[in-house]
Every structure is written in C-alpha cells, then in structure tokens.
Amino acid sequence: MSLGLLWLGLTMLGALHTQAQDSKEKLIPAPPLLRVPLQPDFQDDQFQGKWYVVGLAGNAVSKEEQGQFTMYTTTYELKDHSYNVTSTLLRNGKCDYWIRTFVLTSQPGQFALGNINRYPGIQSYTVRVVTTNYNQFAIVFFKKVSENKEYFKTTLYGRTKELPPELKENFIRFAKSLGLTEDHIIYPVPIDQCIDD
C-alpha cells in the first residue's frame, strides 16, 4: 500500500513538473517582420561604434532578472556591408566577449546572422534597426528561431549609460506594441567594469 502511494506521489510530482515546464515554454508569439518598423534611409557607417544596452525586452525576458542583470555594451564595426559585432559583459567577475557577424540583407537596416552553421540549433536570426538618431539612441529588434521556437527581443541602445525618460517611454510603447508586458521589460544595472574599457 505505502509503495503504491509513493508511486502515485512520484507520478503526480512528475506531472506537476511537466506542467510547470510547459507553462514556462509558452512564449508570446513573435510579430511578423512586416509589423516591425525599419529605420528609413539607414546609414550603416553612422550606426557603427559602441552602444550601451540601456533597456531590454523580450518574450524570454522576465522582470525577476532585473536586479541580477548588469549593463553590457555592443560594438558594431563595419566591414564590407556587414558588421563585426562584439558584446562585452561582466560574467562571474570577469570580462566576457561575444563576437558575431551581422550580414546586410536586401533591406538597409536589416541583417542576418553570418556563419549561422557555427551556432547549433539556430535556424534563423534576424536583426532590424527600428529607429535611431545615430548619436544618442537606437531601438533594435532581434528575432531568433531555435529548435522550432521563435524568440524575439528588442533593445534600447544608448551612446551613454543614461537616456532621457521620453526615450525610455518610447521603448516601452514599442515593446508593448509587440505584445510584451511590463513583466518582459528590464533595465540592466549600470556598471563600470569591462564596459568602459
């Protein structure tokens, strides 16, 4: 009898665990790219340089991460109609660098991940510059299809670590227009380590 109850308990626990995993996997659907604005007359040479990630929103981002998420930078270096992109972040007390290539598509301001075969599981990866004034801020949209799941995020870039409130409000409006909620929007904690080198 007690062995039967133990098995029943373990079975129910497994069912609850599976249900909890399934609820985590329910992602807000990514919008079609046609619904995501694209910076008119995009100037790739003016966009290059270092950007601080001031805001971040996405269907796999949660407000619970807010306090643990530190600011990082992404630097775009133009090379033959593509960007060498380096993100610099503080991880486990050390500076970490993530380097990739964004290749220009037929639409100026839209890019695809270069050498996609080097990233197991990623089926497609699209980057779109939504809006920018080049010298102060940019809002960039990213869409990744990995193992048949669509992930998307948008970042608020700043040439400095602080941006005026109206730019943050524009970013929030844009994130919500994609179907995201306040719970999917975070502001990384500004730091000096690694990102000011």
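Up top you'll find the structure we're talking about.
As the structure is a computational prediction, the values presented were derived from the model and not from experiment. (Residues numbered from 1 in each chain as written. Predicted model: local features only at pLDDT ≥ 70, side-chain atom pairs only at ≥ 80, totals over all residues. Heavy atoms only, no water.)

> So what exactly am I meant to see when it comes to the overall build of the protein here?
Within the protein, the regular secondary structure consists of 3 helices and 9 strands. The helix and strand sequence of the protein, counted from the amino end, reads α-α-β-β-β-β-β-β-β-β-α-β. In the protein, buried positions account for 39% of the 197 residues. At a minimum sequence separation of 6, the contacts of the protein that also span at least 24 residues come to 57%. Of the accessible surface of the protein, which amounts to about 11300 Å², a share of 55% is contributed by carbon and sulfur atoms. (Helix = DSSP H or I, 4+ residues; strand = E, 2+ residues; numbered from the N terminus. Buried < 20%, exposed > 50% of the residue type's maximum accessible area, 1.4 Å probe, protein only. Contact = heavy atoms within 4.5 Å. Areas by Shrake-Rupley, 256 points an atom, 1.4 Å probe, with all protein chains shown as cover.)

> Explain the layout of surface pockets here, please?
Within this model, the largest pocket holds a volume of roughly 700 Å³. Taken together, 32 residues line the largest pocket, and the ones lying closest to its centre are L56, F69, Y72, W98 and K153. Looking at the lining of the largest pocket, the elements with two or more residues in it are strand 1 (49-58), strand 3 (82-91), strand 4 (94-104), strand 6 (122-132), strand 7 (137-146) and strand 8 (149-158). Here the lining of the largest pocket takes 5 residues from strand 8, the largest share from any one element. Of the residues contributing to the lining of the largest pocket, the split by class is 19 nonpolar, 7 polar and 6 charged. (1 Å grid on protein atoms, 1.4 Å probe; cavity = no way out; pocket = protein on both sides within 12 Å on 5 of 7 lines; lining within 4 Å. Points joined across faces, edges and corners; volume = space filled by probe spheres on them. Nonpolar A, V, L, I, M, F, W, Y, C, P; charged D, E, K, R; others polar.)

> Would you explain the packing of aromatic side chains in this entry?
Each aromatic ring pair is summarised here by two numbers: the centre-to-centre distance and the angle between the ring planes. With the rule as written, the count across this model stands at 16 aromatic pairs. Ring pairs connect the aromatic residues F42, F47, W51, Y76, Y83, F102, F111, Y125, Y134, F142 and Y157, which therefore count as one cluster. Taking the ring centre of F142 as reference, the NZ or CZ of K153 above it sits at 5.0 Å. Its guanidinium or amino end placed over the ring of Y187, K168 lies 5.1 Å from that ring's centre, counting from NZ or CZ. (Phe/Tyr/Trp six-rings, centres within 6.5 Å; stacked < 30°, edge-to-face > 60°. Lys NZ or Arg CZ within 6 Å of the ring centre and 35° of its normal.)

> Could you clarify how one ought to interpret the state of the cysteines in this entry?
Think of a disulfide as a covalent bridge from one cysteine sulfur atom to another cysteine sulfur atom. All told, the structure shown has 1 disulfide when counted by the stated rule. Paired through a disulfide, C95 and C194 show a sulfur-sulfur distance of 2.0 Å. Looking along the S-S bond of the C95-C194 disulfide, the torsion reads about -95 degrees, which is the left-handed sense. With C95 in strand 4 and C194 in the segment after strand 9 (185-186), this pair connects stretches of sequence that are 99 residues apart. (Disulfide = S-S within 2.5 Å.)

> Looking at this structure, how should I read the pairing of strand 6?
For a regular strand, side-chain orientation follows a simple rule: the groups alternate between the two sheet faces. Within strand 6, 8 of the 11 residues are buried, which leaves it mostly tucked inside the rest of the structure. Direction of pairing for strand 5 (residues 110-113) relative to strand 6: antiparallel, over a ladder of 3 bridges. Of the residues in strand 6, the one forming a bridge with A112 is T126. Both strand 6 and strand 7 contribute to a ladder of 9 bridges, which runs antiparallel. Paired with V129 across the bridge in strand 7 is V140. With antiparallel pairing between neighbouring strands as the criterion, strand 6 and strand 7 make up a hairpin whose turn holds 4 residues, including Y134 at a positive phi of roughly 70 degrees. (Pairing = 2+ DSSP bridges.)

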